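# Per-entry structural report
The residues making up each chain are set out below.
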Amino acid sequence: MRSSWYNKLVLIVGPRPRVHWLLVCLVSALVLIALLGSSSSNSFDSVTASARPDIYSNYRRLKEQAVSDYLELKNLGANRVKDFDLCGREKENYVPCYNVSANLLAGFKDGEEFDRHCEVSRDQQLMLLEENQISFHSDDELIDGVKDYSHQIAEMIGLGSDSEFREAGVRNVLDIGCGFGSFGAHLLSLKLMAICMAAYESTGSQVQLALERGLPAIIGNFISRQLPVPSLSYDMVHCTQCGIFWDDKDGMFLIEVDRVLKPGGYFVLTSPRSRQRASKGKIPTPFEEFTQKLCWNLVAQQEETFIWQKTTDSRCYVSRQGTFPFAMGKTAYHTINHLLGINPEDFSEDLDFWRSALRNYWSLLSPLIFSDHPKRPGDEDPMPPYNMVRNVMDMSAHYGGLNTALLEAKKSVWVMNVVPLGERNTLPVILDQGFAGVLHNWCEPFPTYPRTYDMLHAKGLLSHIASGRCSIIDLLLEMDRILRPEGWIIISDKLGPVEIARTLATQLRWEARVIDLQNGSDERLLVCQKPFVRK
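Being a predicted model, the structure only gives us computed values, none of them experimental. (Residues numbered from 1 in each chain as written. Predicted model: local features only at pLDDT ≥ 70, side-chain atom pairs only at ≥ 80, totals over all residues. Heavy atoms only, no water.)

## What about the sheet that holds strand E16 (residues 523–529)?
As summarised here, the arrangement of the seven strands in space is E12-E11-E10-E13-E14-E16-E15, forming an open sheet in which the pairing is mixed. The outermost strands of the open sheet, each flanked by one partner alone, are strand E12 (436–440) and strand E15 (511–516). Averaged over all neighbouring strand pairs, the angle between strand axes comes to 15°, with direction disregarded. Bridging between E15 and E16 involves six bridges; their strand directions are antiparallel. (Pairing = 2+ DSSP bridges. Helix = DSSP H or I, 4+ residues; strand = E, 2+ residues; numbered from the N terminus. Axes fitted to C-alpha atoms, helices over the stretch in contact; angles between N-to-C directions.)

Encoded structure:
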């Protein structure tokens, strides 16, 4: 007995299907196949992590297939959604929450006009395009004498040369108001991690300048708030004509330096203002009193350069309690066990995971990253400009395992490790390894300029965002803002958030592909590339 749906079908098309009806069925089947293929990794060659260490293959074909799928779906009208509009030219250099002019009109002053107040802002660069080349312009006076200056600092703290910084316990440096970034670049050549931190500037961008030179940098200003790092984070804080009046506001700026300095760490201050003060006989009384109350020792002074060392004697802090206008609870002297509560086996397993994950990531992207410079298996990665990835932001860095894996694999990139607020604060572990890192609330924009990172990586961040009151749409728009054209995004998360992100990625005009790791979990990998769009 024939089914009712068949009888209805006969009434419509007759006892024998017509040719056009068969064509409709065929087209429908093709559309269904395309839809299923767009959200599945079945078109990818065997993706089984347990079967082989490097789980991806035939990547050029896969990229072509991803583009083909994207165009086919749009042409067929499946899941048609409207693309996000492109920003106008007036917003091309938009940095959320910074607008000095508006802040001044709102009554902010004494440096607070350079802080985050969530107004419209524009950025004028210290980089100019001259005859198809980028020209850097800066008033940095350390460019020519940076090696001599670094050697001078080393001698002032009792070292033979600056090559001995690491042996003396100086592994990471916070460079405040870094100018052209010359000092930080020199320290990086000595295998020290130097992070540039400078206030937002309406007439030029030290941070963007440093990032374009391949140096770690973020927008930061502690005029009205703490820096986004834990206490006892840095071995040295450096300021050369950084524009901060350190003895203003009852020494609060020095208090913040003390908070981020490790015991035995150094504060290096170079300024003509310091020399003028010293010429009167000694450092002005308020400044000297502040450093004494902070239990700092003046190690040395040469011309315009002064160096203080934070004491390692906790008894000094006890004796100074109540003599300085800040709560001892915030900067109380103690040594943090950075691995407290972290199982060494968990740390080791995490690193092993990232070693394997990096091989998979690099195998997937290598033929594309180095597309202008063919790379044979076993060859070393080419240096920029052929290497399109110079810096990576790990948006949920955990222990910094991806950073470690990149270093071990000798990849020519540096990593900005970001620990999201609301998750376990593992930033001390990251900084203790000598890596760059900050705390950040991903419900807010990241303190950097547009188009400053080549690759963004996020593991579990979508689920973290979705569990709070933040928007995945806002997160992806922020990722689009800080990612350079033709840059890459790798997102590892659960299926639900990944599928939401994939849909939004198409609206952002990203080339996006979901990969099923086929490891028995609902974890998926979303690999995207931001296109170069001409308006």
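## Quick look at the packing of helix H5 (residues 146–156) against helix H6 (residues 182–189)
At their nearest, the axes of H5 and H6 sit 10 Å apart, and the two run at 70° to each other. Considered as vectors, H5 and H6 are oriented roughly perpendicular to each other. You can see that H5 and H6 cross each other, and the crossing is right-handed. Residues Val 146, Lys 147, Tyr 149, Ser 150 and Ile 153 of H5 lie in contact with H6, whose contacting residues are Ser 182, Phe 183, His 186 and Leu 187. (Parallel < 35°, antiparallel > 145°, perpendicular 65-115°, else oblique. Left-handed = near helix turned anticlockwise from the far one by under 90°. Contact = heavy atoms within 4.5 Å.)

## Observations concerning the confidence of the model for the chain
Residues of the chain with pLDDT of at least 70 account for 64%, and the chain-wide mean is 75. Low pLDDT, under 50, characterises residues 72–79; the predicted model gives this stretch 12 contacts beyond four residues in sequence or across chains. With pLDDT under 50 throughout, residues 373–377 is counted as low confidence; its partners more than four residues away or in other chains account for seven contacts. (pLDDT = per-residue confidence, 0-100.)

## Details of the sheet that holds strand E9 (residues 305–310)
Strand order in the open sheet formed by seven strands is E5-E4-E3-E6-E7-E9-E8, with mixed pairing between adjacent strands. Among the strands making up the open sheet, the edge pair consists of strand E5 (217–219) and strand E8 (296–302). Across the sheet, the mean angle from the axis of one strand to that of its neighbour is 20°, orientation sign disregarded. Note: strand E3 (residues 172–176) against strand E4 (residues 193–198), five bridges, orientation parallel. Its bridge partner being in E4, Ile 176 is matched across the sheet by Met 197. Contacts from H6 reach E3, E4 and strand E6 (234–240) within the one sheet, and its direction differs from that of E4 by about 165°.

## With respect to the packing of helix H17 (residues 472–482) against helix H18 (residues 495–507)
Remark: H17 packs on H18, axes separated minimally by 10 Å, with the N-to-C direction vectors making an angle of 50°. With respect to H18, the element H17 is oriented oblique. Two packed elements cross with a definite hand, and for H17 against H18 that hand is right-handed. Contacts from Ile 472, Ile 473 and Leu 476 in H17 reach Ile 500, Ala 501, Leu 504 and Ala 505 in H18.

## So, unusual backbone geometry
You will see that Glu 303, though not glycine, has its phi angle at about 50°, which is positive. Mapped onto the fold, Glu 303 is located in the loop between E8 and E9. The residue Arg 451 is not glycine, and still its phi comes out positive at about 60°. Here Arg 451 lies in the loop between E12 and strand E13 (453–459).

## A few points about the packing of aromatic side chains
Here the structure, examined in full by the defined rule, presents 10 aromatic pairs. A centroid spacing of 5.1 Å and a plane angle of 75° characterise the contact between Trp 246 and Phe 267, whose relative ring orientation is edge-to-face. With a gap of 21 residues between them, Trp 246 in the loop between E6 and helix H8 (252–260) and Phe 267 in strand E7 (residues 261–270) connect regions that are remote in the sequence. Pair check on accessibility: Trp 246 and Phe 267 agree, each one buried. Summarising the aromatic geometry, the rings of Phe 347 and Tyr 399 are spaced 5.4 Å apart at their centres and angled 35° between planes, so their arrangement reads as tilted. (Phe/Tyr/Trp six-rings, centres within 6.5 Å; stacked < 30°, edge-to-face > 60°. Buried < 20%, exposed > 50% of the residue type's maximum accessible area, 1.4 Å probe, protein only.)

## Focus on the pairing of E15
Across the six residues that make up E15, a large majority, five, are buried. Following E15, the chain reverses through six residues before pairing antiparallel with E16; Gln 518 in that reversal takes a positive phi of roughly 50°.

## Quick look at the state of the cysteines
Evaluated as defined, the whole model comprises four disulfides. Bridging Cys 178 to Cys 196, the disulfide has an S-S length of 1.8 Å. Between Cys 178 and Cys 196 the disulfide shows an S-S torsion of about -50°. By sign, it is left-handed. Within this pair, whereas Cys 178 is found in the loop between E3 and H6, its partner Cys 196 is found in strand E4, the two being separated by 18 residues in sequence. Exposure remark for Cys 178: the relative accessible area of 7% places this residue in the buried category. Classification of Cys 196 by relative accessible area gives buried; the value is 5%. A sulfur-sulfur separation of 2.0 Å characterises the disulfide bridge that pairs Cys 295 with Cys 316. Between Cys 295 and Cys 316, the S-S dihedral sits near -95°, and the bridge is therefore left-handed. With Cys 295 in the loop between helix H10 (285–293) and E8 and Cys 316 in helix H11 (residues 314–320), the pair connects residues that are 21 residues apart, well separated along the chain. Across the pair, Cys 316 and Cys 295 agree in class, each one buried. If the cysteines joined by disulfides in the chain are listed in sequence order, their pairing comes out as 1-2, 3-4, 5-6, 7-8. (Disulfide = S-S within 2.5 Å.)

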